[in-house]
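Spelled out, the chains give:
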Amino acid sequence: MSVAFSKRALQKCEQIIEQYPQKQAAMLPVLHLAEKEFGHISLEVEQYVAGLLEVPPVKVHEVVTFYTLFPRERRGKYHFQVCRGLSCDLLGCNNIMRHLKKKLRVKVGGTSKNRRYTLSEVECLGACETSPMMQLNDDYYGKLTTSAVDKIVKGLK
Amino acid sequence: MVEKIISKFFDIRDSHTIEVYEQHGGYQTIQKVLKKMKPQDVVDEVTKSNLRGLGGAGFPAGRKWSFIPKDNPKPKYLVVNADESEPGTFKDRYVMDHYTHGLLEGMMIAGYAIGANLAFIYIRGEYVRQAERLLEQIEAARNSGYLGKGIFGSKFDFDIVVHRGAGAYICGEETALLESLEGKKGWPRMKPPFPAVEGAFGCPTIVNNVETIAYVPTIMERGGEWFAGIGSEQNGGMRLFGVSGHVEKPGLYELPLGTPLREIIYEHAGGIRNGKKLKAVVPGGSSSPILTQDEIDVKMDYESLAAIGSMLGSAGVIVMDDDTDIVRALHVVMRFYHHESCGQCTPCREGTGWAENIIQRILNDEGETSDLDNLVRIAENIMGNTICPLGDAAALPLRSYVTKFRGDFEARVSKGRKEAA
Ligand SMILES: Cc1cc2nc3c(=O)[nH]c(=O)nc-3n(C[C@H](O)[C@H](O)[C@H](O)COP(=O)(O)O)c2cc1C
Ligand code: SF4
Ligand code: FES
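Everything numeric here is computed off the predicted structure, so don't read it as measured data.

Trainee: So, the site of ligand 2: which residues are in play, and what are the values?
Mentor: Lining the immediate environment of ligand 2, one finds 13 residues, of which B:Cys342, B:Gln344, B:Cys345, B:Cys348 and B:Cys388 sit closest. The residue makeup of the shell around ligand 2, split by class, is eight nonpolar, five polar and no charged.

So this is what it looks like as structure tokens:
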């Protein structure tokens, strides 16, 4: 098999599994770990995880395709996730989205050719008091305006 | 004005650390409980407090705890629901960010009450920073002997595992959450059996919302009666009302249960922004039926909202001014439920999709007058015909937007017809 965790990740994986009364319960955390290691969850990764958790690969596949946070294809270095929930919609998230599409030159759901940006539309992120807002990789950015977005993009390495 | 319980920590620097939490009296209560009280005494005190489940359904917390079978030899589990994905809801994020150890202490007390030695926090996958903070603070608590074997020198073992979700609203529903915790896709289970009898890993399990558990230390410190005295009848204490949408000061306001909605919008959240007028309010997250501007004198507690056909739900108040396009707002809501339906039940899966499409057609100026009755019919066909309450959570707003704002929908349809002609 060509995919495998690094030694450190494998250790981490064992620690995760130990926390649960059943091995399969480690599915989500191990997939999160796999996403960190490999960048996305390919069919090969699914098989590898199935081996680690001693479940049939189809069980892993079912999970990976059910949830939205396990990317099955490579994403850009910066993942913009603009909230389209009700509170954000009331406060004009569609303007933010329109602006980002133009600025990053990517379609919703798309990744730029140089793999720098991925742009997604997501449901309420639980920060409606800062609407309109988005998640950029692991962090939240709220009270967005088009000029605030410009500043954020400019600040990226 | 009533003193704040949880939100007073929002403005304290480093309130998420053990040191600061203990400077404000933290971890005294659990020690008192472990030394002086029996598990049943804790359940009784929480029952007396009239603490309701603050995740949405409002089930009395003490009563739920009492459903744990006494003679079942299996391990028991406590699961804290931090999935927080109901549109309009952001309170649990604040609790985890600022009242981190309050939540952990509440979990210790709840765990002791129900006889659980292991607890899980199921946190939505997007809350990366909050999960990191929890992990870091749980580690700190473990290093202080507050978690692990024999906590605080007692005979009670207790530990906490943080479990990150992966982006699925349905996993906030308690049985879908348990499936997800077990490493499966989040398909809700049929009830009964209820989780208190057969929950995580086939064992008796209590699922409670973050905020519900976060009020437990204060209840045990000040007494159930004190807490019950703050709220309204059968609705103990206070809760965190989240206000978003077209208000001057969107944010989180900790107020007694039963505070009038008008007061929340106009006094606490500063009224409608830009001097506009109010058109509509969603009182308890997007699953709760919408209210018109004439209905905002309602008291914000479970029974008062039920009496006018809505729900307190997660207390996420979404305010819409008089420029709001209600048809568009309903489209956003139905798109959400269609996207999040797990697809197990036909009425939910198909109904939410049809509704989204019909509303899209109306927005495209291709609507028919008969569409409005069809939307109501779709809602009624979903209600009561599904495995989990997500179906109703979609149907209730659908019916309420169309019936309460029928004029807006009709105007949109006839405008479309004129333009087509
Ligand atoms: C579709 C759906 C989504 C839900 N999402 C959440 C959630 O994100 N957080 C939560 O605490 N409860 C949520 N609930 C309610 C839970 O099923 C459950 O009632 C709650 O976690 C119990 O805790 P409580 O009694 O302390 O409120 C949801 C229910 C449904 C039907
Ligand atoms: S009501 Fe909807 S979300 Fe709930 S189980 Fe049925 S299809 Fe799934
Ligand atoms: S609607 Fe955007 S964060 Fe809630």
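Trainee: Now, about the domain arrangement of chain B: what can you tell me, with residues and values included?
Mentor: Residue and element names in this part refer to chain B. By domain assignment, chain B separates into domain 1 (7-230), domain 2 (238-320) and domain 3 (326-420). Between the C-alpha centres of domain 1 and domain 2 the distance comes to 26 Å. Between domain 1 and domain 2 lies a buried interface of about 1700 Å² when both sides are counted; carbon and sulfur atoms form 57% of it. At the boundary of domain 1 and domain 2, one finds two salt bridges. One salt bridge connects arginine 52 with glutamate 303, and the closest N-O pair in it is separated by 3.2 Å. Scanning the region where domain 1 abuts domain 2 turns up eleven residue pairs in polar contact (both at pLDDT 80 or more). Residues belonging to the side of domain 1 that touches domain 2 are distributed by class as follows: eleven nonpolar, seven polar and five charged.

Trainee: Talk me through the interface of chain B and chain A; I want residue IDs and the actual numbers.
Mentor: In this assembly, 56 residues from chain B lie in contact with 37 residues from chain A. Across the interface of chain B and chain A, roughly 3800 Å² is buried in total on both sides, 58% from carbon and sulfur atoms. Summed over the shared surface of chain B and chain A, the number is four salt bridges. Linking A:Glu62 and B:Lys185 is a salt bridge whose minimum nitrogen-to-oxygen distance equals 3.6 Å. One can count 20 residue pairs in polar contact (both at pLDDT 80 or more) joining chain B with chain A. For the side of chain B that touches chain A, the elements supplying multiple residues, two or more each, are helix H5 (91-98), strand E2 (116-123), helix H7 (128-143), strand E3 (159-164), helix H8 (174-181), strand E5 (238-245), strand E9 (316-321) and helix H14 (326-340) of chain B. Of the residues forming the side of chain B that touches chain A, the biggest block, eight residues, is contributed by H14(B).

Trainee: Describe in detail the site of ligand 1, supporting the description with residues and values.
Mentor: Residue and element names in this part refer to chain B. In the region of ligand 1, 18 residues are neighbours, and Gly55, Asn81, Asn208, Asn209 and Thr212 sit closest. Glycine 55 places a polar main-chain atom, nitrogen or oxygen, 2.7 Å from an oxygen atom of ligand 1. In this structure, an oxygen atom belonging to ligand 1 sits 2.7 Å away from a side-chain N or O atom of threonine 212. With three residues, the top contributor of residues to the shell around ligand 1 is strand E4 (residues 205-209). Residues that form the shell around ligand 1 fall into these classes: five nonpolar, eight polar and five charged.

Trainee: Could you give me a rundown of the domain arrangement of chain A, with the residues and numbers involved?
Mentor: The domains assigned to chain A are domain 1 (7-66) and domain 2 (78-154). Taking only C-alpha atoms into account, the centre of domain 1 of chain A sits 29 Å from that of domain 2 of chain A.

Trainee: Tell me what's going on with the nonpolar core, and back it up with residues and numbers.
Mentor: With 92 residues, the main nonpolar core has B:Trp65 and B:Met107 as its most contacted residues. The greatest single-element share of this core, amounting to nine residues, is contributed by helix H6 (residues 100-114) of chain B. Domain assignment of the residues forming this core places at least three in each of domain 1 (7-230) and domain 2 (238-320) of chain B. Within the second largest apolar cluster, 89 residues are counted, among which are A:Val30, B:Val207, B:Phe336 and B:Ala394.

Trainee: Could you give an account of the sheet that holds strand E1 (residues 76-82) of chain B, with specific residues and numbers?
Mentor: Residues and elements named next belong to chain B. The sheet built from four strands is open, its strands ordered E3-E2-E1-E4 with parallel pairing. In this open sheet, the two strands that pair with only one neighbour each are E3 and E4. Each neighbouring strand pair of the sheet contributes to a mean axis angle of 20 degrees, computed without reference to strand direction. Strand direction decides the pairing type here: E1 and E2, joined by seven bridges, are parallel. From the neighbouring strand, valine 79 faces E2, where its bridge partner is phenylalanine 120.

Scoring rules and cut-offs
- Residues numbered from 1 in each chain as written.
- Chains lettered and ligands numbered in written order.
- Predicted model: local features only at pLDDT ≥ 70, side-chain atom pairs only at ≥ 80, totals over all residues.
- Heavy atoms only, no water.
- Near = heavy atom within 4 Å.
- Nonpolar A, V, L, I, M, F, W, Y, C, P; charged D, E, K, R; others polar.
- Domains from an automatic or database assignment.
- Buried area = accessible area lost by both parts, 1.4 Å probe.
- Salt bridge = Lys/Arg side-chain N within 4 Å of Asp/Glu carboxyl O.
- Polar contact = N/O pair within 3.5 Å; in protein donor to acceptor, adjacent residues only side chain to side chain.
- Contact = heavy atoms within 4.5 Å.
- Helix = DSSP H or I, 4+ residues; strand = E, 2+ residues; numbered from the N terminus.
- Core = buried A, V, L, I, M, F, W, Y, C linked by side-chain atoms within 4.5 Å.
- Buried < 20%, exposed > 50% of the residue type's maximum accessible area, 1.4 Å probe, protein only.
- Pairing = 2+ DSSP bridges.
- Axes fitted to C-alpha atoms, helices over the stretch in contact; angles between N-to-C directions.

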